[in-house]
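Remarks on the overall topology
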Amino acid sequence: MFLRLLRASLRPYWGAISIVLALQLFSTLASLWLPNLNARIIDEGIAVGDVDQIWRLGGLMLGVTLAQGVAAVIAVYFGARTAMAVGRDLRGALFERVQRFSEQELRTFGAPSLITRTTNDVQQVQMFVMMTLTIIVMAPIMLVGGVIMALQEDAQLSLLLLVIVPVLVIAVGLIIWRMVPYFRQMQTRIDEVNGVMREQITGIRVIRAFVRDGFEQARYAVANANLLDVSLKTGKLMALMFPTVMLVMNVSTVAILWFGGGLVDQGDMEVGALTAFLAYIMFILMAVMMSSMMLMLAPRAAVSAERITAVLESEPTILSPDRPVRPQRTSGHVRFEGVSFRYPGASEPVLEDLTFSAEPGRTTAIIGATGSGKSTLVGLVPRLFDATEGAVVVDGVNVRDLVPQVLSDLVGLVPQKAFLFSGTVASNLRFGRADATDEELWRVLEIAQAADFVRELGGLEAPITQGGSNVSGGQRQRLSIARAIAHRPKVYLFDDSFSALDYATDAALRAALAKVTKEASVIVVAQRVSTIRHADEILVLEHGRIVARGTHPELLESSETYREIVESQMSLEEAQ
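These numbers were taken from a predicted model, which means no experiment stands behind them. (Residues numbered from 1 in each chain as written. Predicted model: local features only at pLDDT ≥ 70, side-chain atom pairs only at ≥ 80, totals over all residues. Heavy atoms only, no water.)

Here we take up the overall build of the protein. Along the backbone of the protein there are 21 helices and twelve strands. Relative to the globule expectation of 25 Å for 576 residues, the C-alpha radius of gyration of the protein, 35 Å, shows a markedly less compact shape. Over its C-alpha atoms, taken along the principal directions, the protein stretches across nearly 120 × 50 × 45 Å. The burial tally for the protein puts 49% of its 576 residues in the buried class. Once local pairs closer than 6 in sequence are excluded, the contacts in the protein between residues at least 24 apart make up 76%. (Helix = DSSP H or I, 4+ residues; strand = E, 2+ residues; numbered from the N terminus. Rg over C-alpha atoms; globule rule 2.2 N^0.38 Å. Buried < 20%, exposed > 50% of the residue type's maximum accessible area, 1.4 Å probe, protein only. Contact = heavy atoms within 4.5 Å.)

On to the pattern of salt bridges, then. Applying the stated rule across the entire model yields 18 salt bridges. The shortest N-O distance in the salt bridge between glutamate 313 and arginine 4 comes to 2.7 Å. Here glutamate 313, found in the loop between helix H10 (271-312) and strand S1 (334-341), pairs with arginine 4, found in helix H1 (residues 2-10); they are 309 residues apart in sequence, far enough to count as distant. Of the residues examined, glutamate 313 reaches a relative accessible area of 46% and is grouped as partly exposed. Beyond isolated ion pairs, a larger network of salt bridges with shared partners links Arg433, Asp435, Glu440 and Arg488. (Salt bridge = Lys/Arg side-chain N within 4 Å of Asp/Glu carboxyl O.)

What follows concerns the pairing of S1. Taken together, the five bridges between S1 and strand S2 (residues 351-358) define a ladder with antiparallel strand orientation. For valine 334, the partnering residue across the bridge sits in S2 and is alanine 358. Relative to strand S4 (residues 389-394), S1 runs antiparallel, the two sharing five bridges. Paired with arginine 335 across the strands is valine 393, a residue of S4. (Pairing = 2+ DSSP bridges.)

We now examine the packing of helix H3 (residues 51-99) against helix H5 (residues 111-136). Where H3 contacts H5, the two axes come as close as 8 Å, and the packing angle between them is 155°. Taken together, the axes of H3 and H5 are roughly antiparallel relative to one another. Judged by the sense of rotation from one axis to the other, the crossing of H3 with H5 is right-handed. Across the contact of H3 with H5, the residue classes tally to 14 nonpolar, six polar and three charged. (Axes fitted to C-alpha atoms, helices over the stretch in contact; angles between N-to-C directions. Parallel < 35°, antiparallel > 145°, perpendicular 65-115°, else oblique. Left-handed = near helix turned anticlockwise from the far one by under 90°. Nonpolar A, V, L, I, M, F, W, Y, C, P; charged D, E, K, R; others polar.)

The subject of this paragraph is the sheet that holds strand S10 (residues 521-525). Adjacent strands of a sheet pair through backbone hydrogen bonds, lying either parallel or antiparallel. Taking strand neighbours across the sheet as the criterion, the six strands line up as S6-S9-S10-S3-S11-S12 in an open arrangement whose pairing is mixed. On the outer flanks of this sheet lie strand S6 (411-414) and strand S12 (545-550), each paired with one strand and no other. Pairs of neighbouring strands in the sheet enclose a mean axial angle of 15°, with direction left out of account. Each of S6 and strand S9 (491-495) is contacted by helix H16 (residues 473-486), which is oriented at about 180° to S6, the strand it contacts most.

Across the six residues that make up strand S11 (residues 537-542), a large majority, five, are buried. Of the pairings in the sheet, the one linking S11 to S12 comprises five bridges and is antiparallel in character. The residue bridging leucine 541 from the neighbouring strand is isoleucine 546, located in S12. Where S11 folds back on S12, the antiparallel hairpin that results is connected by two residues, among which histidine 543 adopts a positive phi of roughly 55°.

In spatial order, the strands read S2-S1-S4-S5; together these four strands make up an open sheet with antiparallel pairing. The open sheet is flanked by S2 and strand S5 (397-398), the only strands paired with a single partner.

All quantities given are derived from atomic positions and should not be read as evidence of function.
This is the structure:
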């Protein structure tokens, strides 16, 4: 999975990677040549007092060093650019895939995990690619070249490599083997910290209202301590690696000087050759050490790649139709035909065998106890979910077969939880229709009873913070309603969208809204009876089924469930 993701991510950048490989090859070969030149200076220049040879070889060393440095810098530049581009592409691919997710996929992964996968996990893969292109490409060339050059200097002394390299590889391999499960735990613990932090930031008002600051601090401390625990275990193993490598390298140096010194004393080896051999051994061990660094990064990058791939390969349950259909006429007629919906793995359906129509020029209201499936019902029209049985039909076409853009143009949804994007009042309203003029925006604000407070905020260019946290709940609801009106849909879906409004504002808004929606279908989900009592048809939901339907007066006479809801909010005299 890791290699598959890397191949797919690096495929567009083979040109830059080829340049990196060529330059790294040249840079490493130049580095391997330098100890040989240094040995010749010692043996052919210093030992015999040939100053001209020292200058010639010294000048050649300077030229090779300069060329090696330039090649290394250019290679690192292209390698870093490629790694950053891979990170950008992965973040873009994740964002694009998440945008296609339905509510079901979003609930499966969870917002904190998706944030971690788009940021931290991508960063791990990006770092691995950068280190691969700048280090790991060099390591095998340096390892093989170092062995060849060391054998040329002295084959007998090179037998030490048969002991040194296996000892280093085994020591590093054992440490990395212990680190892999900790890396997997670390990413999960980061998810947990993000989840707790996100909940606390989102619910800060509730936390303070119930004076739960201490409890939430303790909850965050537990998540933070769990991450610290795994990080410390990983850090201890990482800290053990480099002393282990340095111990092997230093012991190797002592062994080479011990046996090499004996060969020099016997006249079987020149001093310069011993110096070069020692340098090549350091090159070999350095290559092994660089490889060990990559092996440290690889397990965590592999875990991150698995998490990224899980998102990228997760097929959305809401798919675009293979042969999309356009309705012959767009009027906004909505019909539920034997619709049932069940969440994956749930033992009971949320909605069961719903059949009703919402017609243009009429308001269809839905009321019921909490958990009766009202919001799920509304979500089936714009395809936030797909019905597991039956069909939701808009203008004679199953929503599964409608052209997605046509469905989007037909439906205007005001969700239960009003949400605004960071920007301005105007940018939020134009989210519904990008080409709306300022005059049209003021008109929809008047209808939504939001014009007065928008003027107080500073007009259409008044700033809106993320989530609309700088305005009240009622103001967010009114701006969300204005956004839907600006969209000019044929089907209005109000999912408990008036709950934060006082009765006077609610009544004024509904009166103004009636003029705009007189040729559209309106489906209203509400908890307050006063919001829906004038609807053309009221559907009473109970345990996902329609148990009663009719107008307000009819239901007062015929439905015990509806009458109980009414009596919980007002007297029967007021309800008449």
